[in-house]
Amino acid sequence: MIHFLSRSFLFSAIVLLLSTTFLAAQTQKPTVYILATGGTIAGTGSSSTAAQYKPGDIGVELLLAAVPELSEIAEVKGEQVVNISSQDMTTQIWLSLAHRINEILLQEHVAGVVITHGTDTQEETAYFLNLTVKSHKPVVLTGSMRPSTALSADGPRNLYNAVACVVAPESKGQGVMLLMDDRILSADDVSKTHTLNVSTFQSPNYGPIGYMYDGKPIFIRSSHKRHSLHSEFDVSTLNDLPRVEIIMGYAGANDLFIRAAVQAGVKGIVYAGVGNGNAPAAALEALAAAAQQGIAVVRSSRLPSGPSTQGNEVDDNRLGFAASWMLNPQKARVLLMLALTKTTDYQEIQRMFWEY
Ligand code: ASP
């Protein structure tokens, strides 16, 4: 009898233990890291209506405190990487961000990472991370166009949506995303298009990959470009990138800046040309001379959309140039810097511009 009682007691104890462990697992929230880098989302103004403000002013704790709803969907951990306006973003900060994100995402319990960032160079950081983060876990950049002190500040909602996007299972494998104003945009095509509007980020060639609705991402397409685990670039041992400059084309442009860049010892030039990446004769000649000297030359376009295609009006094969395809000049620079960590061959570089 005693034997029977102790067995049934043991059985109930095991059932109780298993069910409490199960319930705890059910209620445990996914861990999301928020890496803060500054920008307008961390900006403060002298009043809630003034246009003037100082970006990168408040720290990550205050950013998180403004959105108490986050604790309902995730266990958030904040880290302050830098606190700058994104016009001061550098390749060194990109590399330390990539290193830190790759470290964080290796932890099994982490669902993903949100990066708060100024909007001016956000698309460049997003694209750099898209090519260097080695995980299918979601990485989402967000920011705001209005400072934290403004009437109708857009930062808190963007931050909530970014975390909600990261914790959703369907966000895995989408590459690095930029989420603002309820829209989810892929890093390869997103671009800032308006100096002031909260809906400044657009995906000019392909449109958004999804929308946030009722705190959940609704995906409508995926980027077909190589990214994250499918990227061939590895920055784990790098502490800087080859120097690449962007030079702009316009009516009457000449060889002045191209020669200056060559003299300064750049490894690559992205030419933000007119139309389909075209350059006036004097500039074209200087670019050809640069390519002859082993400097990688990529033709891109100053236009907001459409591809820069190989060999239309310029004989790229004869001159040893690559064309940027859908990448705008600022993103072409990111890809060229990474490409130059592997090769200086223009055909190999052209392959990368097709694939990424
Ligand atoms: N200049 C600011 C920055 O990029 C603008 C912004 O965040 O919207 O940091």
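Rules used throughout
Residues numbered from 1 in each chain as written. Predicted model: local features only at pLDDT ≥ 70, side-chain atom pairs only at ≥ 80, totals over all residues. Heavy atoms only, no water. Helix = DSSP H or I, 4+ residues; strand = E, 2+ residues; numbered from the N terminus. Buried < 20%, exposed > 50% of the residue type's maximum accessible area, 1.4 Å probe, protein only. Lys, Arg positive; Asp, Glu negative; His and termini not counted. Salt bridge = Lys/Arg side-chain N within 4 Å of Asp/Glu carboxyl O. Phe/Tyr/Trp six-rings, centres within 6.5 Å; stacked < 30°, edge-to-face > 60°. 1 Å grid on protein atoms, 1.4 Å probe; cavity = no way out; pocket = protein on both sides within 12 Å on 5 of 7 lines; lining within 4 Å. Points joined across faces, edges and corners; volume = space filled by probe spheres on them. Nonpolar A, V, L, I, M, F, W, Y, C, P; charged D, E, K, R; others polar. Pairing = 2+ DSSP bridges. Axes fitted to C-alpha atoms, helices over the stretch in contact; angles between N-to-C directions. Contact = heavy atoms within 4.5 Å. Patch = residues over 30% accessible without salt bridge, like charges linked within 9 Å, V, L, I, M, F, W, Y side chains within 5 Å. Areas by Shrake-Rupley, 256 points an atom, 1.4 Å probe, with all protein chains shown as cover.

Describe the side chain of R333, listing the residues and the values that go with them.
Inspection of the secondary structure assignment puts R333 in helix α10 (residues 329-339). E124 provides the closest opposite charge to the buried, salt-bridge-free R333, at an N-O distance of 4.1 Å.

So what about the packing of aromatic side chains? Which residues, and what values?
According to the stated counting rule, one finds three aromatic pairs in the structure shown. An angle of 45 degrees between the planes, with centres 5.1 Å apart, marks the rings of F233 and Y356 as tilted. Here F233 is found in the loop between β12 (216-219) and β13 (244-248), whereas its partner Y356 is found in the segment after α11 (346-355), with 123 residues between them in sequence. Of the two residues, F233 and Y356, neither departs from the other in class, the shared state being buried. Plain terms: the ring middles of W325 and W354 are 4.8 Å apart, the flat faces sit at 35 degrees to each other, and that makes the pair tilted. Linking W325 in the loop between β16 (322-323) and α10 with W354 in helix α11, this pair joins segments that are 29 residues apart in sequence. On the basis of relative accessibility, which here comes to 44%, the residue W354 falls in the partly exposed class.

Give me empty space enclosed by the protein: which residues, what numbers.
Scanning the model with the defined rule gives four cavities of 30 Å³ or more in all. As for the largest cavity, its lining consists of 19 residues, and the residues nearest its centre are N205, P304, M326, L327 and N328. Of the residues contributing to the lining of the largest cavity, the split by class is seven nonpolar, nine polar and three charged.

For the layout of surface pockets, give the residues involved together with the corresponding values.
The gaps left among the atoms become clear once a water-sized probe is rolled over them. Counted as a void, the largest pocket has a volume near 400 Å³. Around the largest pocket, the lining is made up of 23 residues, and of these T40, Y53, M145, R146 and P147 lie nearest the centre. Broken down by class, the residue content of the lining of the largest pocket amounts to nine nonpolar, 11 polar and three charged. A volume near 240 Å³ is recorded for the second largest pocket. Around the second largest pocket, the lining is made up of 15 residues, and of these R302, L303, N328, P329 and Q330 lie nearest the centre. Among the secondary structure elements, those contributing two or more residues to the lining of the second largest pocket are β9 (191-192), β13 and α10. Residue contributions to the lining of the second largest pocket peak at three residues, all from β13. Of the residues contributing to the lining of the second largest pocket, the split by class is eight nonpolar, five polar and two charged.

Can you explain the sheet that holds strand β8 (residues 183-186)? Please cite residues and give values.
One open sheet accounts for eight strands, arranged β4-β1-β5-β6-β7-β8-β11-β12; its pairing is mixed. Taken across any chain shown, the strands that pair with only one partner, and hence form the sheet edges, are β4 (75-84) and β12. Within the sheet, the average angular offset between the axes of one strand and its neighbour, ignoring direction, is 25 degrees. In this sheet, strand β7 (residues 177-180) lies alongside strand β6 (residues 139-142) in parallel orientation, the contact comprising two bridges. Paired with V140 across the two strands is M177, which belongs to β7. Along the sheet, helix α5 (residues 122-132) makes contact with β5 (110-116), β6 and β7, crossing β6 at roughly 175 degrees.

Describe unusual backbone geometry, naming the residues involved and giving the relevant values.
Notably, D181 is not glycine yet its phi reads approximately 55 degrees, a positive angle. Tracing the sequence through the fold places D181 in the loop between β7 and β8. Phi at D214 takes a positive value of approximately 55 degrees, unusual for a residue other than glycine. Owing to a relative accessible area of 67%, D214 belongs among the exposed residues under this scheme.

Break down the pairing of β12 for me, with residues and values.
As paired strands, strand β11 (residues 210-213) and β12 are joined by four bridges and run antiparallel to one another. Within the sheet, the bridge partner assigned to M212 lies in β12 and is P217. Hairpin connection from β11 to β12: two residues lie between these consecutive antiparallel strands, with D214 at a positive phi of about 55 degrees.

Let's hear about a nonpolar patch on the surface: which residues, and what values?
Together, Y211, Y213, I218 and I220 make up a nonpolar patch on the protein surface, roughly 440 Å² of accessible area in all. Position of I220 among the secondary structure elements: in the loop between β12 and β13. In this structure I220 comes out as exposed when scored by relative accessible area, which is 54%.

Give a description of the pattern of salt bridges that names residues and reports values.
Tallying each qualifying case throughout the model produces 15 salt bridges. For the salt bridge of D182 with R157, the shortest nitrogen-to-oxygen distance reads 3.0 Å. Highlighted residues: D182 in the loop between β7 and β8 and R157 in helix α6 (residues 155-167), separated in sequence by 25 residues. Overall, the relative accessible area of 53% leaves R157 in the exposed class. A salt bridge links E355 to R351; the shortest N-O distance between them is 2.7 Å.

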